[in-house]
Amino acid sequence: MIKIFNADKILKNRFNETTTNWQNFAIDMSRKRELASPMSEFLGSITILIITWYAGTQILEDQTMKPQAFLVFIGMFFQILDPAKKLSSAISSIQGGMASLERVAEVLDYDLKVEEIAEPVSISTLSNQIEFKNIGFYYDKDNVILKNFSLIIPKGKTIALVGQSGSGKTTIANLLARFYDVNEGQILIDGVDIKHLKLKEYRQLLGMVTQESVLFNDSIYNNILMGKPEATKEEVVEAAKIANADSFITNLPEGYDSNIGDDGNKLSGGQKQRVSIARAVLKNPPVMILDEATSALDTESERFVQDALDKMMENRTSLVIAHRLSTIQKADWIVVMEKGIVVEQGTHHDLIAKKGMYHKLVELQNFD
Ligand SMILES: Nc1ncnc2c1ncn2[C@@H]1O[C@H](COP(=O)(O)OP(=O)(O)OP(=O)(O)O)[C@@H](O)[C@H]1O
Ligand SMILES: [Mg+2]
C-alpha cells in the first residue's frame, strides 16, 4: 500500500525525523547512564590518583613542577573530563542509531516478492484493456488459491468481483497491483505482461482503496496529500469534496490539520474510507482498484461513501470488490467467484434472471 502511492520517500523522511528525535533521546539517556556508571567513576578516580601521585613526586622530590601549575592542570583536567565522557557516549549512541537506521531502511526497500526484470518497459497510460489470462496462484504450494482465472477489463469499464469470503477476491486485487507475482498465466496491460513493466510507473497508474484503509498517524491533510505529494491546497480540498469528506473535515476543531491517530482511530469507519477515497481521487489514476470494507457502515455514511465511490469510478477503469451487492448493480460486468474459480458472470440483470449463485447472494443480503 505504501508502495502503490510510491510514498516510500515521504515515509522515509518521516522515519528520519522520528529517528533523529529518538537518537537525541537515546544520547541523553546513555549520557546519564554513563555518568552514574560506577565503572567510569572508578576509572576516573584511578586516573586522578595516578596524576596526583606523579605530580606529587615532581613537586616534592624532583622539584621540576610548581604547585600552582599543578593546581591549574588539575582544574583543567576536571573541566575536560565531563565533556569527554559525554562525547564518547554520544558517539556510541550515534553508531547504534545508524545501525538500526540501516536495518529499517532495508525493510522499507524490501518489496514483498516481486522484482523488476533487467530491462523493464516504460508505461504511461492504459489505452485498451487489462487482461487476466489463465492465472494460477498460491501463497503456499499446498493451498492453491486461484485456478485458471481469466478476466478482461476493457478501458473505462467497471468490473465487479463478488463471492464468499475467502474466494480469492482480494488476492486478485493484490496480483493486479503486483504485490505478488502469478504462478501461472499472465496479467497483461495493453498486451504487455505486467512483469515486464517498470514497477514504479505501472503503480503510478493504479489507485487503491482497500478493506483496511491505510492511514498514518498524521494530519488529515497529509494523509490525503500522499496521493499526490506536489498537489496544492486547493487540489486537496477539491479531492476531499468529491470524496464527500470536506464537510466532516471542516467540522473538526482543527479542520484539515486534525491528527487522525494511529491507523486513523480517531475517525469513524466511514470517515476513514472517505479520507482514503479522497487520497485516491487526488492521485487521479486511470485504473482504480476498490476492495470494499466488510464492516457494515450505517445507512447514512454508506450513502455518502457510495456516492463518493460512484464519482470516483466515473469514466475510469475499475476493478471493484463488493460485499454489499447494492454497490455494484451499476457495474458493467459482474464476476461471481467461488473458491478461486469463476462460477458465473454477466450483468446484474442477466445474473438475476439466471437464478444462480448471484441471485442467491442477493436474496441472502435482502434478508439482512
Ligand atoms: N498472505 C496470505 N498468505 C497465505 N494465505 C492467504 C494470504 N492472503 C489470503 N490468503 C488465503 O487466500 C484465500 C483467499 O483470500 P482472499 O483474501 O483473496 O479472499 P477474499 O475473497 O478477499 O475474502 P473476503 O471476502 O473475506 O475479503 C483465503 O483462503 C486466505 O486464507
Ligand atoms: Mg478480501
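The structure displayed is predicted, hence computed values, not measured ones. (Residues numbered from 1 in each chain as written. Chains lettered and ligands numbered in written order. Predicted model: local features only at pLDDT ≥ 70, side-chain atom pairs only at ≥ 80, totals over all residues. Heavy atoms only, no water.)

## Concerning the sheet that holds strand β8 (residues 317-321)
Whether parallel or antiparallel, the strands of a sheet pair through hydrogen bonds between backbone atoms.
Then, number 1: In space, the six strands of this open sheet follow the order β6-β7-β8-β3-β9-β10, with mixed pairing throughout. Pairing within the sheet leaves two strands with one partner each, and these edge strands are β6 (206-209) and β10 (341-346). Sheet twist, expressed as the mean angle between neighbouring strand axes with direction ignored, is 15°.
Then, number 2: Across the face of the sheet, helix α4 (residues 169-176) comes into contact with β3 (158-163), β6, β7 (287-291), β8 and β9 (333-338) while running at roughly 150° to β8. (Pairing = 2+ DSSP bridges. Helix = DSSP H or I, 4+ residues; strand = E, 2+ residues; numbered from the N terminus. Axes fitted to C-alpha atoms, helices over the stretch in contact; angles between N-to-C directions. Contact = heavy atoms within 4.5 Å.)

## Some remarks on the side chain of D193
Then, number 1: Relative to the assigned elements, D193 resides in strand β5 (residues 192-193).
Then, number 2: For D193, the side chain forms a polar contact with the main-chain nitrogen of K195, separated by 2.9 Å.
Then, number 3: Those residues in contact with D193 that lie beyond four places of it in its chain are Q186, I187 and L188. (Polar contact = N/O pair within 3.5 Å; in protein donor to acceptor, adjacent residues only side chain to side chain.)

## Observations concerning the layout of surface pockets
Regions of empty space are outlined by a rolling probe, equal in size to a water molecule, passed over the atoms.
Then, number 1: Reported here for the largest pocket is a volume of approximately 230 Å³.
Then, number 2: If you trace the largest pocket, you find 13 residues lining it, with T158, D310, M313, K330 and A331 closest to the centre.
Then, number 3: Ranked by residues supplied to the lining of the largest pocket, first place goes to helix α10 (residues 299-313) with three residues.
Then, number 4: Broken down by class, the residue content of the lining of the largest pocket amounts to four nonpolar, five polar and four charged. (1 Å grid on protein atoms, 1.4 Å probe; cavity = no way out; pocket = protein on both sides within 12 Å on 5 of 7 lines; lining within 4 Å. Points joined across faces, edges and corners; volume = space filled by probe spheres on them. Nonpolar A, V, L, I, M, F, W, Y, C, P; charged D, E, K, R; others polar.)

## Describing α4
Then, number 1: Judged by how many residues are buried, α4 sits mostly within the fold: seven of eight residues are covered.
Then, number 2: Of all the residues in α4, the buried ones are K169, T171, I172, A173, N174, L175 and L176.
Then, number 3: Looking one or two places after α4, you find R178, whose phi comes out positive at around 55°. (Buried < 20%, exposed > 50% of the residue type's maximum accessible area, 1.4 Å probe, protein only.)

## Observations concerning the confidence of the model for the protein
Then, number 1: For the protein, mean pLDDT is 84; residues scoring 70 or higher make up 89% of the total.
Then, number 2: Taken element by element, the predicted model of the protein shows its lowest mean pLDDT in helix α1 (residues 8-36) (74) and its highest in strand β4 (residues 184-189) (96). (pLDDT = per-residue confidence, 0-100.)

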